[in-house]
Amino acid sequence: MRRRQFIALLGGATAVASRPLPAFAQTSSKRPLIAAQLGGSKTETDRFFGGFSQGMRELGYVEGQDYGFEVRYADGNVSRIPPLIEELVRMKPDIILSGTTAGVIAAKKLSNTMPIVSGDLINAIEFGWAASYARPGGNVTGVLVTVEDLPTKLLALAVEVIPGAKKIGLMVHSANPIAPALQRGLDASVNALGVQLTVLEVASADDLHAAFQRLARERVNVVLMLPDFMFLNERKRIALFAMAERLPTMSPFRENVEDGGLMSYGTNLRESWRRTASFVDKILKGAKPGDLPIEFPTKLELLINLTAAKALELTIPPTLLARADEVIE
């Protein structure tokens, strides 16, 4: 879609566009509304969620002109997500964007017809949102934020970054509905790598400081975090707490490393959200979400923060540095 220029005619005549209009504009003068719910705060999500607005601009859409946009932020608090979704659904948007699994669950409870698009999908088939990735069949589609064996790869990299590591700390957000499934994927890997997993659950951001202190007392060699919107939103505080306890961290999101964490391996969230714009574009032109295949991550990135490594007095293995997509110095 290219940017449209409208010529308003007096006397209630039909608006005539200077270029061909997309399907939704041809059949209705109503400007479509897109409503988004994100797990973090505006400050902490703008860096990656800005990819959606970028994608819409690349497709020729102008916010406020071609579509209305409403965003609600949970500020890292999972209990806020259902009421925020309910508020957005009452607006009767054309499409709901959700940046959390909890948000998709809440939206599905309220509507099985309203299109739901996410740049952070996880376990869509297991949750019953999709019959298959190729043909979801329901009202949910989007981009997967992880691959099936990502927890295993994160664990292997955590062991590799500290040769001889035997005790791995796993921080789990107990309110995250995907945490149990992701944790199950680590069981076989723990035995194969010959390491011990020390699991510590946190219920909210207020528990993070004490959690790192406890993991330090447990003498873990590295702290592993699985995909979670609260850990992403609190990444700056996590970096400070981890550094204070001299604990290296391994995360699935590059933002954690950019803000002081040691290492990450996973998808580029900004790119995932940029790709969701193409789903929105197709739905606004008449496509059904159930007919749009759920997309897999196109690339997993390895980032290493050498500044954090030096502060922790760690020497990163040269072979690992050579494989990194980006090294922060």
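Residues numbered from 1 in each chain as written. Predicted model: local features only at pLDDT ≥ 70, side-chain atom pairs only at ≥ 80, totals over all residues. Heavy atoms only, no water.

Asker: Hey, could you run me through the side chain of threonine 267 in this one?
Answerer: Here threonine 267 is to be found in the loop between β12 (263-266) and α12 (269-284). Here the side chain of threonine 267 touches valine 145 through a polar contact of 3.0 Å, landing on its backbone oxygen. (Helix = DSSP H or I, 4+ residues; strand = E, 2+ residues; numbered from the N terminus. Polar contact = N/O pair within 3.5 Å; in protein donor to acceptor, adjacent residues only side chain to side chain.)

Asker: What should I look at first to understand unusual backbone geometry in this one?
Answerer: Residues apart from glycine generally show negative phi values, whereas peptide bonds are mostly found in trans. Of note, lysine 92 is a non-glycine position whose phi angle comes to about 55°, a positive value. Counting through the fold element by element, lysine 92 comes out in the loop between α3 (81-90) and β5 (95-98). Classification of lysine 92 as exposed rests on a relative accessible area of 66%. In this structure, arginine 246 is a non-glycine residue whose phi angle is positive, near 60°. Residue position: arginine 246 is located in the loop between α10 (235-244) and β11 (249-251). Assessed through its relative accessible area of 44%, arginine 246 is described here as partly exposed. (Buried < 20%, exposed > 50% of the residue type's maximum accessible area, 1.4 Å probe, protein only.)

Asker: Looking at this structure, how should I read the nonpolar core?
Answerer: Ranked by size, the top nonpolar core spans 63 residues in total, and within it Phe49, Phe52, Phe69, Leu97 and Met263 carry the most contacts. Setting aside chain neighbours within four positions, we find phenylalanine 49 in contact with Ala36, Leu38, Phe69, Leu97 and Trp273. (Core = buried A, V, L, I, M, F, W, Y, C linked by side-chain atoms within 4.5 Å. Contact = heavy atoms within 4.5 Å.)

Asker: What exactly am I supposed to notice about the environment of valine 222 here?
Answerer: Residue position: valine 222 is located in strand β10 (residues 222-225). A residue is classified by how much of its surface remains accessible, and valine 222, at 1% relative accessible area, is buried. C-alpha separation for the pair valine 222 and methionine 250, spaced 28 residues apart in sequence, amounts to 7.4 Å. For valine 222, the contacting residues outside a window of four places in its chain are Ala158, Ile162, Lys167, Ile168, Gly169, Pro248 and Thr249.

Asker: Explain the pairing of strand β4 (residues 68-73) here, please?
Answerer: Summarising burial for β4: 5 of the 6 residues are buried, a large majority. Two strands pair when backbone bridges link them, and strand β3 (residues 33-38) and β4 are joined in this way by 6 bridges, in the parallel orientation. Opposite glutamine 37, over in β4, you have arginine 72 as the bridge partner. (Pairing = 2+ DSSP bridges.)

Asker: What is the right way to look at the sheet that holds strand β13 (residues 301-305) in this model?
Answerer: Each strand in a sheet pairs with its neighbour through backbone hydrogen bonds, running either in the same direction (parallel) or in the opposite one (antiparallel). Pairing within the open sheet is mixed, and its 7 strands lie in the order β9-β8-β10-β11-β12-β13-β14. Single-partner strands in this sheet number two, and they are β9 (196-202) and β14 (326-328). Ignoring strand direction, the axes of neighbouring strands in this sheet form an average angle of 20°. Direction of pairing for β10 relative to β11: parallel, over a ladder of 2 bridges. Each residue of the ladder has a partner; that of valine 223, found in β11, is threonine 249. (Axes fitted to C-alpha atoms, helices over the stretch in contact; angles between N-to-C directions.)

Asker: Any chance you could explain the sheet that holds strand β7 (residues 140-144) here in plain terms?
Answerer: In space, the 5 strands of this open sheet follow the order β4-β3-β5-β6-β7, with parallel pairing throughout. Lying at the two open borders of the sheet, with one neighbouring strand each, are β4 and β7. Ignoring which end each strand starts from, the neighbouring axes of this sheet average 20° apart. With 3 bridges connecting them, β5 and strand β6 (residues 116-121) associate as parallel partners. Considered in β6, the bridge of leucine 97 is made with valine 117. Across the face of the sheet, helix α4 (residues 101-110) comes into contact with β3, β5, β6 and β7 while running at roughly 160° to β6.

Asker: Sorry, what's going on with the pattern of salt bridges here?
Answerer: Close approach of charged atoms allows side chains of opposite charge to pair. Applying the stated criterion across every chain yields a total of 25 salt bridges. Note that glutamate 70 is salt-bridged to arginine 72, the shortest N-O span being 3.0 Å. For the salt bridge of lysine 285 with aspartate 281, the shortest nitrogen-to-oxygen distance reads 3.4 Å. Using a relative accessible area of 38% as the deciding quantity, one classes lysine 285 as partly exposed. Under the relative-accessibility criterion, aspartate 281 is labelled buried at 9%. If you follow the salt bridges from partner to partner, you end up with Glu44, Arg47, Arg235, Lys236, Arg254, Glu258, Asp259, Glu301 and Glu326 in one network. (Salt bridge = Lys/Arg side-chain N within 4 Å of Asp/Glu carboxyl O.)

Asker: I tried to follow the side chain of threonine 101 on my own but got confused; where do I start?
Answerer: When you line up the elements, threonine 101 lands in helix α4. Aside from chain neighbours lying at most four places away, what touches threonine 101 is Ile122, Phe127, Trp129, Pro177 and Ile178.

Asker: Even after reading the chapter, I still don't get the packing of α3 against α4, so can you show me in this structure?
Answerer: Following both chains from N to C, one finds α3 and α4 inclined at 50°, their axes separated by 9 Å at the closest point. The angle between α3 and α4 places the two elements in the oblique class. For the pair α3 and α4, the sense of crossing is right-handed. Residues Ile81, Pro82, Ile85, Glu86 and Val89 of α3 touch α4, and the partners they reach there are Ala102, Gly103, Ala106, Ala107 and Leu110. Looking at the contact of α3 with α4, its residues break down into 8 nonpolar, 1 polar and 1 charged. (Parallel < 35°, antiparallel > 145°, perpendicular 65-115°, else oblique. Left-handed = near helix turned anticlockwise from the far one by under 90°. Nonpolar A, V, L, I, M, F, W, Y, C, P; charged D, E, K, R; others polar.)

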